[in-house]
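Single-letter residue listing:
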Amino acid sequence: MEATISRTGMIESLHVVSGPAMLQPAAIDAIRTARYQPYRLNGIPTEVQTTISVNFRLGS
């Protein structure tokens, strides 16, 4: 997933780069519900574009 994390730590934009179509909605939900610390540049919160990987494990 490619995401933009705002200065407040919220996901501003998110789109799928790759992965099975049936797991994409779950990955999007997981990323949107997670909490993020804003990236800091010289101590100042800054918007950042990043790649987020989501790994699924089936069975237990």
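Here we summarise the structure given alongside this text. (Residues numbered from 1 in each chain as written. Predicted model: local features only at pLDDT ≥ 70, side-chain atom pairs only at ≥ 80, totals over all residues. Heavy atoms only, no water.)

What to know about the overall build of the protein
- Broken down by element type, the protein carries one helix and five strands.
- Beginning at the N terminus, the succession of helices and strands in the protein can be written as β-β-α-β-β-β.
- A compact globule built from 60 residues should have a C-alpha radius of gyration of about 10 Å, whereas the protein, at 13 Å, is more than 25% larger.
- If you line up the protein on its principal axes, its C-alpha atoms span 45 × 25 × 15 Å.
- For the protein, buried positions account for 20% of its 60 residues.
- Taking the contacts inside the protein whose residues are at least 6 apart along the sequence as the reference set, 54% of them involve residues at least 24 apart.
- Entry remark: accessible area of the protein is about 4900 Å², with carbon and sulfur atoms responsible for 52%. (Helix = DSSP H or I, 4+ residues; strand = E, 2+ residues; numbered from the N terminus. Rg over C-alpha atoms; globule rule 2.2 N^0.38 Å. Buried < 20%, exposed > 50% of the residue type's maximum accessible area, 1.4 Å probe, protein only. Contact = heavy atoms within 4.5 Å. Areas by Shrake-Rupley, 256 points an atom, 1.4 Å probe, with all protein chains shown as cover.)

Remarks on the layout of surface pockets
- Volume-wise, the largest pocket comes out at about 180 Å³.
- Together, Met-1, Val-17, Ser-18, Gly-19, Pro-20, Leu-23, Gln-24, Ala-27, Ile-52, Ser-53, Val-54 and Phe-56 line the largest pocket. (1 Å grid on protein atoms, 1.4 Å probe; cavity = no way out; pocket = protein on both sides within 12 Å on 5 of 7 lines; lining within 4 Å. Points joined across faces, edges and corners; volume = space filled by probe spheres on them.)

Focus: the nonpolar core
- With eight residues, the main nonpolar core is built from Met-1, Ala-3, Ile-5, Ile-11, Leu-14, Ala-27, Ile-31 and Ile-52.
- Elements supplying a minimum of two residues to this core: strand 1 (2-5), strand 2 (11-15) and helix 1 (24-33).
- Once residues within four sequence positions are removed from consideration, Ala-3 is found in contact with Ile-11, Ser-13, Leu-14, Val-48, Gln-49, Thr-50 and Ile-52. (Core = buried A, V, L, I, M, F, W, Y, C linked by side-chain atoms within 4.5 Å.)

Considering the pairing of strand 1
- Of the pairings in the sheet, the one linking strand 1 to strand 2 comprises four bridges and is antiparallel in character. Bridge assignment links Thr-4 to a residue of strand 2, and that residue is Ser-13.
- Taken together, strand 1 and the strand that follows it, strand 2, pair antiparallel across an intervening segment of five residues, in which Gly-9 is found at a positive phi of about 90°.
- Taken together, the four bridges between strand 1 and strand 5 (residues 48-51) define a ladder with antiparallel strand orientation. Counted as the bridge partner of Glu-2 is Thr-51 from strand 5. (Pairing = 2+ DSSP bridges.)

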